[in-house]
Amino acid sequence: MQKNIAVIRGDGIGPEIVEQALKVLDKIAEMYGHTFVYDDVDMGGCAIDKWGDPLPQVMLDKCLASDSVLMGSVGGPKWDGVPGPMRPEKGLLRLRAGMGVYSNNRPAKIWPQLASASPLRPSIVEKGIDFIIVRELIGGVYFGKHETEEQDGQLLATDTMSYSESEIERIGRIGFETARKRGKKLCSVEKSNVLDCSRLWKKVMHRLAAEYPDVELSDMLVDNCAMQIVKNPAQFDVIVTENMFGDILSDEASMITGSIGMIPSSSLGATTCGLYEPIHGSAPDIAGMDIANPIGTILSAAMMLRYSFDMAEEADAIERAVSAVLDAGWRTGDIMPSDAEEVAACRKVGCSRMGELIIEQIAK
Ligand code: IPM
Ligand code: MG
């Protein structure tokens, strides 16, 4: 099968981690008789430097014409002074909105090999960490009005959050459908004791619940959820939440699994053309040093194969290879254990070596 993939290397560690994911995809193509055609897309800080725009229309058009988009990371201190609408992150937000990918799926699953890298007590980790955050991705405060004006001799900043019933309903359905395919438990997370958006959110979720009698729906306030994720993560199966809460909770959830460098994500809308990216940022402090963890990006490529290209076997092969490489003790710096005894059983490698190890494993 031939698939056209728009590739956004982006900023910071983006280019080096994406390189590893492409190597893995090439290996899969070779072994399973596919052709993956890559089309490079400039987005983020590098696009600002080159085109004066974090996502020029021609670049968005390339993504829209592709079968799916694979992305590394964008942003960095170099562009901190750039005004809001032209920031590197704005390119990503415009891409998500332009592609209409309203549903962001972020798994929080502990790899047994990395259990000791979790900052949680073993007694908590042992109960298991395996849940998914379904994050609404193209609404809410991220896409509201953003304004800073002068009022009464001082600056006043305003960001507005709004959600319509239909926006909530379509992400709610993804939450229920996702739960239906897993443990049939859906936790809707909001702040309905304060926000109107959240009260509407809760109302729509309960209305939908009637259509999914096989799924157990619960409600949780976001502050409590932040606490429960560290106190008893085993209670969660699927969490569905709005854009900003999902951003924050998914970072927290990734941390308890050991490292944010391990977590992939998929973003989908009405079509199979999806956006696949690791959930971590561009880590400018370690960019170009060949020490970043490419696994989050490699697993994002696996998700692309599974969810957009219907290549479950190929996705399984990548995930199995990652697991085998971890079994063999290979670790990037971020997932090295702290315990001296465990360190002895592990070998530290850089970004490109980790990519090679995974390819070698796939070929076995
Ligand atoms: C993420 C990131 C982005 C977000 C930034 C880079 C705009 O933190 O994907 O979680 O907030 O959505
Ligand atoms: Mg984030």
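The structure we're discussing is the one just above.
Residues numbered from 1 in each chain as written. Chains lettered and ligands numbered in written order. Predicted model: local features only at pLDDT ≥ 70, side-chain atom pairs only at ≥ 80, totals over all residues. Heavy atoms only, no water.

**Q** How should I be thinking about the overall build of the protein in this particular structure?
**A** A tally of regular secondary structure across the protein gives 13 helices and 14 strands. Expressed as lengths along the three principal axes of its C-alpha atoms, the size of the protein is roughly 60 × 50 × 45 Å. Counting all 364 residues of the protein, 52% fall into the buried class. Sequence separation of at least 24 residues holds for 75% of the intrachain contacts in the protein that already meet a minimum separation of 6. With an accessible surface of roughly 15500 Å², the protein has 53% of that area assigned to carbon and sulfur atoms. In the protein, the 37 positive side-chain charges and the 53 negative ones have mean positions that sit 4 Å from each other. (Helix = DSSP H or I, 4+ residues; strand = E, 2+ residues; numbered from the N terminus. Buried < 20%, exposed > 50% of the residue type's maximum accessible area, 1.4 Å probe, protein only. Contact = heavy atoms within 4.5 Å. Areas by Shrake-Rupley, 256 points an atom, 1.4 Å probe, with all protein chains shown as cover. Lys, Arg positive; Asp, Glu negative; His and termini not counted. Charge placed at Lys NZ, Arg CZ, Asp CG, Glu CD.)

**Q** Sorry, what's going on with the pattern of salt bridges here?
**A** Note on pairing: side chains with opposite charge can pair once their charged atoms come close. Using the criterion set out here, one finds 24 salt bridges in the structure. In this structure, Arg9 and Asp40 form a salt bridge, with 2.9 Å as the shortest nitrogen-oxygen distance. Taken together, the residues span a long stretch of sequence, with Arg9 in strand β1 (residues 2–10) and Asp40 in strand β2 (residues 35–40) at a distance of 31 residues. Residue class for Asp40 comes out partly exposed when judged on its relative accessible area of 39%. (Salt bridge = Lys/Arg side-chain N within 4 Å of Asp/Glu carboxyl O.)

**Q** What am I meant to see in unusual backbone geometry here?
**A** The phi torsion of most residues other than glycine is negative, and most of the peptide bonds are trans. Even without a glycine there, the phi angle at Lys184 is positive, about 60 degrees. Following the sequence through the fold, Lys184 ends up in the loop between α6 (165–180) and β8 (185–190). Although it is not a glycine, Asp290 adopts a positive phi angle of roughly 60 degrees. Along the chain, the position of Asp290 falls in the loop between β12 (275–276) and α10 (295–307). Assessed through its relative accessible area of 32%, Asp290 is described here as partly exposed.

**Q** What is the right way to look at α6 in this model?
**A** Residues spaced three or four apart along an α-helix point in a common direction, a consequence of the helix completing one turn every 3.6 residues. If you check α6, its first and last C-alpha atoms are 22 Å apart, about what 16 residues at 1.5 Å a residue would give, namely 22 Å. Looking only at α6, the buried set comprises Glu167, Ile168, Ile171, Gly172, Gly175, Phe176, Thr178 and Ala179. Relative to the axis of α6, the buried residues are bounded by an arc of 160 degrees and lie together on one face. Those residues of α6 hidden inside the fold are in contact with β4 (103–109), β5 (130–136), β8, α7 (196–209), β9 (216–221) and β10 (238–241). (Expected span 1.5 Å × (residues − 1). Arc of directions from axis to C-beta.)

**Q** What is the right way to read the sheet that holds strand β11 (residues 266–268) from this model?
**A** Backbone hydrogen bonds hold the strands of a sheet together, and the pairing may be parallel or antiparallel. Strand order in the open sheet made by the 10 strands is β2-β1-β3-β12-β11-β4-β5-β10-β8-β9, with mixed pairing throughout. Every interior strand has two partners, whereas the edge strands, β2 and β9, have only one. The sheet contact formed by β8 and β9 spans six bridges and is parallel. Pairing of Lys185 across the sheet is with Glu216, part of β9. Each of β1, β2, β3 (68–73), β4, β11 and β12 touches α10; the most contacted strand, β3, lies at about 170 degrees to it. (Pairing = 2+ DSSP bridges. Axes fitted to C-alpha atoms, helices over the stretch in contact; angles between N-to-C directions.)

**Q** When you look at helix α13 (residues 351–363) in this model, what are you seeing that I'm missing?
**A** Here α13 contains 13 residues, and its C-alpha end-to-end distance of 19 Å stays within 8% of the 18 Å for a straight helix at 1.5 Å per residue. Where α13 is concerned, the buried positions are Cys351, Met354, Gly355, Leu357, Ile358, Ile359 and Ile362. Here the buried face of α13 lies against α1 (14–32), α10, α11 (312–327) and β13 (330–331).

**Q** Where do I start with the site of ligand 1 in this structure?
**A** Around ligand 1, the structure places Glu89, Arg96, Arg106, Arg135, Tyr142 and Asp247. Contacts to ligand 1 include Arg135, whose side-chain N or O atom sits 2.8 Å from an oxygen atom. Within the side chain of Tyr142, one N or O atom sits 2.6 Å away from an oxygen atom of ligand 1. When ligand 1 is considered free in solution it has 320 Å² of accessible area, and contact with the protein chains removes 78% of it. Split by residue class, the shell around ligand 1 holds one nonpolar, no polar and five charged. (Near = heavy atom within 4 Å. Polar contact = N/O pair within 3.5 Å; in protein donor to acceptor, adjacent residues only side chain to side chain. Nonpolar A, V, L, I, M, F, W, Y, C, P; charged D, E, K, R; others polar.)

**Q** Can you walk me through the environment of Ser118 in this structure?
**A** As for its position among the elements, Ser118 is in the loop between β4 and α5 (122–125). Separated by 141 residues in sequence, Ser118 and Ser259 have C-alpha atoms that sit 7.6 Å apart. With sequence-adjacent residues up to four places away left out, Ser118 is seen in contact with Ile110, Val125, Ile256 and Gly258. Within polar-contact distance, the side chain of Ser118 engages the backbone oxygen of Ile256 at 2.7 Å.

**Q** So what exactly am I meant to see when it comes to the pairing of β5 here?
**A** When a strand is regular, its side chains alternate between the sheet's two faces. Most of β5 sits out of view: six of its seven residues are buried. One ladder, built from seven bridges, connects β4 with β5; its direction is antiparallel. Within β5, the residue paired with Ser103 across the bridge is Glu136. Bridge count between β5 and β10: four bridges; the pairing is parallel.

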